[in-house]
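Structural features, examined
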Amino acid sequence: MSHFQRVLILGTGPASIQLAVNFNNDLNCDVGIAGRESVRSESFYEAMKQSNHQIRVSIQNEKHQSIKGECVVNWVFKGYETVAGEWDAIIFSVTADAYIDVLKQIDDKVLKHVKCIVLVSPTFGSNSLIAHYLNTIRSNAEVISFSTYYGDTRWMCDEPSNEVLTTGVKKKIFIGSTNYPSENIDTLSKLFEKLGIALEVMKSPIEAETRNISLYVHPPLFMNDFSLQAIFGDTDTKKYVYKLFPEGPITQHLIRDMLAQWKEIMAILKKINIKSINLLKFMTDDNYPLRLESLSRYDIENFNNLKPIHQEYLLYIRYASLLIDPFSEPDQEGRYFDFSAVPIRTIFVNREGYLDIPRMPKEDYYRIKILQGIANHLNVDCPTINKFIQTYERKIEAVAQSQQNGKLSDAFAVQSFDEDLKMICGELGQSEETKSLY
C-alpha cells in the first residue's frame, strides 16, 4: 500500500507549491498545505482563496518541462494547530530550525496516524531530531531525509501567492531513511525519475544529510568579517558571495578555513561510522562541474590524499574557475556569463516590521550550532567551527546592542538550541549502541 495517497505539505513557501504540483500530478496524491499565520503568509492564503486552491509552477528553462504544471490543492490549513484528518505522509518544507516548533503545534492524534515523514531541506542531525520526537509520542513513522531541496524556486511576482517560478533544478540529490530498504523511497525514486533528477539512496538518513554542499561552504563564505560587514550594512559597496577579494570574501585564508572545517566534519563522520566525503569531487561532480583544463580528473579523485597546501591550492582554483560559467557561450567581446555575481544580501525590515537577517547566514547559524553540539557530544575538536560561530555571534550581539531602541527579530539573539541537540545526541547515542551489537 502506498504511503503517499494523502500527503500534507508543511510550509507556505515557494518550494511547497512545487512539491504539491509534483506529488499531485506525478504520484496521484491528494494534497494538503498547512502553514503558520503571519503577515507574510496572509497574501498566500488570500491567493489560494481567490484561485479556489489552484496552484501553478512555471519554469525558466525549457529543458525542465517535467517540473512545471498546475493542480488543485485539496485542503489548506491556516495555522498548524488547525490541521485535521488522516494523512499517510507529511512533507516538511520549512527550515530545519523550525521542525520541532511545527510538530508541537500539530495534534498528536494526527501525527500518530502518519506512516511516513519526509524532510526536504534538513541539516545534519534533523532526521535524528524528528525520530526522537516521534518516539516520545509513540509513533513508528518512517522518517526520510533528502540531502537538499531539488530546485531553485521563487514567487512568480516576488509576493507570496499561488504561482511560482522554478529557475533551476538539481541533477542529483541524495536520500536516506530510518528504514532500509524502504518501499517509500522506491516510490519517491519513481517520482524523481519522472522529474529527470537522479536519486542516490544512502544506507542511513544522516549520511544523506551530510551530502548538502551548504554545510561545507556557507559558514566559511558568510561567517567572516568581510561578509558580515556587507550583510550588516557596514559598507556602501555591493559585495558578492562567490567572488575573490576585494569583490567578495574569497582569500587564501578563507580557503584554509573551508578546508579545516571540512576536516572537522569528517572527524565527526568517522566517529559515527559514516563514509568520508571527497570535498573537491563532491563540489565538481555533484554540484558545479568544471572544465578539465582547470582541474584534472587525477587531482579531483585523489584530493583526500594530498597535502593540505595542495588541497587549498585546488579549492582556490575551483572558485577562481567558477568566476564565470565555464560552459556558457562567450559574447562578441569574449566574455562568459558572470556566474559568481551573486550579491551578498543585507539586513532588511521583514513583513512584521522587525529588522531581520537574510536566510544566508540565518539558517546557517542553526546548521553550524548543531554541528558544534554534535562534535562536543562526540568529543571531536572543532576549533574552526567554533571560530565561525564566535565571529557570527560577536557581530549579531554588537548590532543588537547598537539597535536597542529598534525592533529586532529573534535572529539577533545568541542561541544554544539545547533542546534540539539533546534529542539529536540522544538518538545518535542509541544508533551507536545499536551498531555495536552487530
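Predicted model only: the values in this text are computed from it and were never measured.

Reading guide: rules and limits
Here the residue numbering is sequential within each chain, running from 1 through the sequence in written order. It should be noted that, the model being predicted, local features are given only for residues of pLDDT at least 70 and side-chain atom pairs only at 80 or more, the latter also being counted only at that level, while totals for whole chains, interfaces and linings use all residues. Hydrogens are left out, water is left out, and the side-chain values use all remaining heavy atoms of the structure. Type-normalised accessible area, obtained with a 1.4 Å probe on protein chains alone, sets the label of each residue: buried when under 20%, exposed when over 50%, and partly exposed for intermediate values. Put simply, DSSP H or I for four residues or longer makes a helix, DSSP E for two residues or longer makes a strand, and each gets a number counted from the N terminus. The span one expects for a helix is its residue count, reduced by one, times 1.5 Å. Working definition: a ring pair exists when centres of Phe, Tyr or Trp rings (six-membered ring for Trp) sit within 6.5 Å. Plane angles under 30 degrees give stacked, over 60 give edge-to-face, the rest tilted. Note that the domain bounds reflect an automated or database-derived domain assignment. Whether two residues are in contact is decided by their heavy atoms: any pair within 4.5 Å suffices. Here the buried area means the combined drop in accessible surface, using a 1.4 Å probe, for two parts upon being joined, counting both sides. Note on definitions: salt bridges are taken to be side-chain nitrogens of Lys or Arg within 4 Å of carboxyl oxygens of Asp or Glu. Polar contact criterion, stated in full: a pair of N or O atoms within 3.5 Å, where within protein one must be able to donate a hydrogen and the other to accept it, and residues adjacent in sequence count only if both atoms are side-chain atoms.

With that settled, consider helix 8 (residues 214-222). Residue pairs three or four apart in sequence face the same way in an α-helix, which turns once every 3.6 residues. Burial runs high along helix 8: 9 of the 9 residues are buried. Among the residues making up helix 8, those that are buried are S214, L215, Y216, V217, H218, P219, P220, L221 and F222.

Looking now at helix 1 (residues 14-27). Between the first and last C-alpha of helix 1 there are 20 Å, a value that for 14 residues agrees with the 20 Å anticipated at 1.5 Å per step. Within helix 1, 12 of the 14 residues are buried, which leaves the element mostly enclosed by the surrounding structure. Regarding helix 1, the residues found buried are P14, A15, S16, I17, Q18, L19, A20, V21, N22, F23, N24 and D26. Backbone geometry just downstream of helix 1 places N28 in the positive-phi region, at approximately 60 degrees.

Each aromatic ring pair is specified by the distance between its two centres and by the angle formed by the two planes. By the definition in use, this model includes 19 aromatic pairs. Ring geometry for W75 versus W87: centroids 5.2 Å apart, planes at 85 degrees, classification edge-to-face. Remark: W87 occurs in the loop between strand 5 (75-78) and strand 6 (89-92) and W75 occurs in strand 5; sequence separation between them is 12 residues. Measuring from centroid to centroid gives 5.0 Å for Y365 and Y392, while their planes differ by 40 degrees, and the two rings are tilted.

A word on the domain arrangement of the protein. As far as domains go, the protein holds domain 1 (6-210) and domain 2 (213-427). Taken together, the contact pairs 26 residues of domain 1 with 23 residues of domain 2. Carbon and sulfur atoms supply 64% of the area that domain 1 and domain 2 bury against each other, a total of about 2,100 Å² over both sides. Summed over the shared surface of domain 1 and domain 2, the number is 3 salt bridges. In this structure, K104 engages E419 in a salt bridge whose closest nitrogen and oxygen atoms are separated by 2.7 Å. Applying the counting rule to domain 1 against domain 2 returns 5 residue pairs in polar contact (both at pLDDT 80 or more). Per element, the largest residue contribution to the side of domain 1 that touches domain 2 is 6 residues, and it comes from helix 5 (residues 126-136).

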